[in-house]
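Residue strings, one per chain:
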Amino acid sequence: MPQTYKIAFWNLENLFAPDGHPSHEPKVYNQVKNDLAGWTDALFETKLTQLTRIITQLDPTVLGVCEVENSFVLEALVEKVRATTGRAYDVVHADSTRDRRGIDTAFLYDTGRIAFVPGTLFSHFVLRSTGTRDISQATFRTASGNDLILLANHWPSRSGGTELSRGYRMVAGETLGYWHKRIREETTEDAAILAMGDMNDDPFDESVSIHARASRERGDVERSRTAARFYNLTWNYMRQLCTDPTGATRLLHGTLYYQGDANAFDQIMVSKALLTAGQPFSVREETAKIEAIPEMVSTRVSPEPVRFGLPKGNAAANVNTAGFSDHYPVSVLIDEI
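Residues numbered from 1 in each chain as written. Predicted model: local features only at pLDDT ≥ 70, side-chain atom pairs only at ≥ 80, totals over all residues. Heavy atoms only, no water.

Engineer: Explain the sheet that holds strand β18 (residues 330-336) here, please?
Structural biologist: By way of backbone hydrogen bonds, the strands of a sheet pair with one another, either parallel or antiparallel. Spatially, β3-β4-β2-β1-β18-β17 is the arrangement adopted by the 6 strands of the open sheet, whose pairing is mixed. With one partner strand each, in any of the chains shown, β3 (89-93) and β17 (281-290) form the two edges of the open sheet. Across this sheet, the average inter-strand angle for adjacent strands is 20 degrees, counted without regard to direction. As judged from the 5 bridges shared by β3 and strand β4 (residues 104-110), these two strands associate in the antiparallel manner. Residue pairing for β4: V91 is matched across the bridge by L108. Sheet contacts for helix α3 (residues 71-85): β1 (3-15), β2 (62-68), β3 and β4; angle to β3, the most-contacted strand, approximately 160 degrees. (Pairing = 2+ DSSP bridges. Helix = DSSP H or I, 4+ residues; strand = E, 2+ residues; numbered from the N terminus. Axes fitted to C-alpha atoms, helices over the stretch in contact; angles between N-to-C directions. Contact = heavy atoms within 4.5 Å.)

Encoded structure:
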């Protein structure tokens, strides 16, 4: 029986445990303690509630996430999602203690619609001199026995300057491209692979287009015989209409905004198998989009997502309890024949 799966990704913006919580890694806590000053249990719970409001509306089969501190915050989030949706969501997560700020990638998935295949979780580290980021890889199996391999990415930030830090993201792109190649070698060239995440670069940057081999041209991927190439669906939502809480129509040019300028850092890429007729899965290319749910959309001049923030010692000034994240989620629909 044909099935449809919604695959989504969301940068949850600094989902840390409350200040002083025993789950903090001591070395990480020393790096972030000033940001967490005033991050109370009540604020943490409010943040979880706000995230759950959006996740409930997304209703994903699998949600890739990043900027989550550890298993504690993920379990707290998924418990609230379960209670709100009535669905049996679970977590796939490899704790990345190597990251200087202690933020991880992970997956939340609906166990009633898809299953995680035990033993298929891998965490690929992207090293840099001041820290690291990780790419989480996991295989999910449908009731029909077909496997969908997902990679949740969070690439090194632009801190220190875009040009000075670009090499780290090139390494991240090479890491993703290499593991795409290795997956095909270890499984089959027809493996259904979807990579998603916050790349901290746009789809036209070299880290994505050259090093990760993620093309804007569908035909280039379809005609590729040996190379592991991705088709980058992000180009489909570089310009998208949305509605803000007042009902006004706004035009988005990206998934986040910095000083009024948009970037499409949150991306979705698919392997050739998801474009090829006769394979178990096919991507509905036209459904790839930014999930700009109206309550998330700022009414300011730039239609940026309404962020929640961290207290940094002054919650009244730095936290918006009506906010969510500084990134919009992105999603796409995958059909199974």
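Engineer: Whenever I open this one, the layout of surface pockets confuses me. Can you help?
Structural biologist: Empty space left among the atoms is revealed by rolling a probe the size of a water molecule over them. As a volume, the second largest pocket reaches approximately 210 Å³. T120, F122, Q137, T139, D147, I149, W179, R182, I183, E186 and T187 together form the lining of the second largest pocket. Looking at the lining of the second largest pocket element by element, the count peaks at 4 residues for helix α4 (residues 162-186). Per-class residue counts for the lining of the second largest pocket are 4 nonpolar, 4 polar and 3 charged. (1 Å grid on protein atoms, 1.4 Å probe; cavity = no way out; pocket = protein on both sides within 12 Å on 5 of 7 lines; lining within 4 Å. Points joined across faces, edges and corners; volume = space filled by probe spheres on them. Nonpolar A, V, L, I, M, F, W, Y, C, P; charged D, E, K, R; others polar.)

Engineer: Teacher, can you tell me more about α4 here?
Structural biologist: Residue pairs three or four apart in sequence face the same way in an α-helix, which turns once every 3.6 residues. Given a rise of 1.5 Å per residue, 25 residues ought to cover 36 Å, and the 35 Å separating the end C-alpha atoms of α4 matches this to within 8%. Within α4, the axis deviates most sharply at Y168, by approximately 25 degrees. Among the residues of α4, S165, R169, M170, A172, G173, T175, L176, G177, H180, I183 and R184 are the ones counted as buried. (Expected span 1.5 Å × (residues − 1). Bend = angle between axes of the 7 residues up to and from the residue. Buried < 20%, exposed > 50% of the residue type's maximum accessible area, 1.4 Å probe, protein only.)

Engineer: Would you mind going over the side chain of T105 with me for this structure?
Structural biologist: Along the chain, T105 turns up in strand β4. In this structure the side chain of T105 is engaged in a polar contact, spanning 2.7 Å, whose partner is the side chain of S136. The contact partners of T105, leaving out residues within four places of it in the chain, are V65, C66, H93, D134, I135, S136, A152, N153 and H154. (Polar contact = N/O pair within 3.5 Å; in protein donor to acceptor, adjacent residues only side chain to side chain.)

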